[in-house]
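Working through the structure, step by step
For reference, the chains in residue letters:
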Amino acid sequence: MSKLKELKTPVFAAEGIQYLNPTDYRLKVTGLVDNPRTLSLSELQTQFPNTTSNSRLTSVSGWSVRANWNGISWDAFVQLIKPKETARYVVFTSSGDYTTAVWLTDLAGMGAMIVWGVEGEPLEEEYGGPLRIIIPHLWGYKSCKWLSKMDFVAKYITGYWELRGYSHRAQIEPGETFDVNTQKYRPIGGGEVTEF
Ligand SMILES: Nc1nc2c(c(=O)[nH]1)N[C@H]1C(S)=C(S)[C@@H](COP(=O)(O)O)O[C@H]1N2
Ligand SMILES: [Mo]
């Protein structure tokens, strides 16, 4: 059992949990990039630098979880994919058509990751396996699970939760969150949760 499941981390799946076969899985990287690719999980794992990063996923609904995420850093990924000057946003789409778009300037140098594992174990289906995004400084609804497409675009697209009134930039705001790791409510100051 993964750490996320052991901790009873909430499972959010607006489109329903997606059960994807990791062997057949493909990520489509498209739009305003020099190197558009369709990538299998093993291509992602062998053709890009692998890293582990310790950070938090924090939901606007009032909880936060810290874990060691295994995958590719966003910064290393875009170095190889090479977004064009005209690209301003990346639209993440799940295999169940959940969408969310993020400003490329908000992603650069912020510790965002393309994730296939947690604590050295494959990311479970409930938590977005085989591949998801983790963006520690933005509300969790930007961290798209069951990632099937990354589209680099010039024009913003309003995603699933954004259409329902949630912030387009999704910068984490000061307030209180339930820390899933320690099972305690704690104050947060805004931005990436680094206090605990
Ligand atoms: N495809 C998809 N990705 C998604 C969601 C979703 O419903 N579908 N929910 C988002 C929200 S609101 C949060 S807080 C996190 C929760 O991640 P978890 O379910 O792995 O805990 O996933 C985000 N990514
Ligand atoms: Mo969320």
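Presented here is an overview of the structure given in this document. (Residues numbered from 1 in each chain as written. Chains lettered and ligands numbered in written order. Predicted model: local features only at pLDDT ≥ 70, side-chain atom pairs only at ≥ 80, totals over all residues. Heavy atoms only, no water.)

1. Section: the overall build of the protein chain
- Counting its regular elements, the protein chain contains 5 helices and 12 strands.
- Against the globule reference of 16 Å for 196 residues, the protein chain gives a C-alpha radius of gyration of 16 Å, in line with a compact fold.
- With the C-alpha coordinates of the protein chain rotated into their principal frame, the extents come out at 45 × 35 × 30 Å.
- Considering only residue pairs separated by 6 or more positions, the protein chain has 66% of its internal contacts joining residues 24 or more positions apart.
- Roughly 9,000 Å² of accessible area belongs to the protein chain as shown, and the carbon and sulfur atoms make up 51% of that amount.
- Charged side chains of the protein chain number 20 positive and 21 negative; the gap between the two group centres comes to 3 Å. (Helix = DSSP H or I, 4+ residues; strand = E, 2+ residues; numbered from the N terminus. Rg over C-alpha atoms; globule rule 2.2 N^0.38 Å. Contact = heavy atoms within 4.5 Å. Areas by Shrake-Rupley, 256 points an atom, 1.4 Å probe, with all protein chains shown as cover. Lys, Arg positive; Asp, Glu negative; His and termini not counted. Charge placed at Lys NZ, Arg CZ, Asp CG, Glu CD.)

2. Some points on a nonpolar patch on the surface
- Residues V11, I17 and Y19 make up a contiguous nonpolar surface patch of about 270 Å² in total accessible area.
- For V11, the location among the structural elements is in the loop between α1 (3–6) and β1 (26–31). (Patch = residues over 30% accessible without salt bridge, like charges linked within 9 Å, V, L, I, M, F, W, Y side chains within 5 Å. Salt bridge = Lys/Arg side-chain N within 4 Å of Asp/Glu carboxyl O.)

3. Considering the nonpolar core
- In terms of nonpolar packing, the biggest core is built from 39 residues, with L44, W74, F77, F92, M150 and F152 touching the most fellow members.
- Elements supplying a minimum of two residues to this core: β1, α2 (41–47), α3 (74–81), β5 (89–94), α4 (104–107), β7 (113–118) and β10 (147–153).
- Top contributing element to this core by residue count: α3, with 5 residues.
- With residues up to four places along the chain from it excluded, the contact list for W74 reads V90, F92, L104, L107, A112, M113, I114, M150 and F152.
- If you look at the next biggest cluster of nonpolar residues, it comprises 14 residues, including L57, A67, M113 and I134. (Core = buried A, V, L, I, M, F, W, Y, C linked by side-chain atoms within 4.5 Å. Buried < 20%, exposed > 50% of the residue type's maximum accessible area, 1.4 Å probe, protein only.)

4. Regarding the sheet that holds β5
- What the 5 strands build is an open sheet, ordered β2-β1-β10-β5-β6; its pairing is mixed. Lying at the two open borders of the sheet, with one neighbouring strand each, are β2 (37–40) and β6 (99–103). Strand-to-strand twist in this sheet, taken as the mean axis angle between neighbours without regard to direction, amounts to 15 degrees. (Pairing = 2+ DSSP bridges. Axes fitted to C-alpha atoms, helices over the stretch in contact; angles between N-to-C directions.)

5. Here we look at the site of ligand 1
- The immediate surroundings of ligand 1 are formed by 21 residues, with P10, A14, E15, R132 and K145 found nearest.
- Within the backbone of A14, one N or O atom sits 2.7 Å away from an oxygen atom of ligand 1.
- Here an oxygen atom of ligand 1 sits 2.4 Å away from a polar atom, N or O, in the side chain of K145.
- Taking 530 Å² as the accessible area of ligand 1 by itself, protein coverage stands at 98%.
- Grouping the constituent residues of the shell around ligand 1 by class yields 13 nonpolar, 5 polar and 3 charged. (Near = heavy atom within 4 Å. Polar contact = N/O pair within 3.5 Å; in protein donor to acceptor, adjacent residues only side chain to side chain. Nonpolar A, V, L, I, M, F, W, Y, C, P; charged D, E, K, R; others polar.)

6. A few points about the side chain of T93
- As for its position among the elements, T93 is in strand β5.
- Those residues in contact with T93 that sit more than four places away from it in its chain are Y98, T99, C144, W146, L147, S148 and K149.

It is worth stressing that arrangement in space is one thing and function is another; only the former is reported here.
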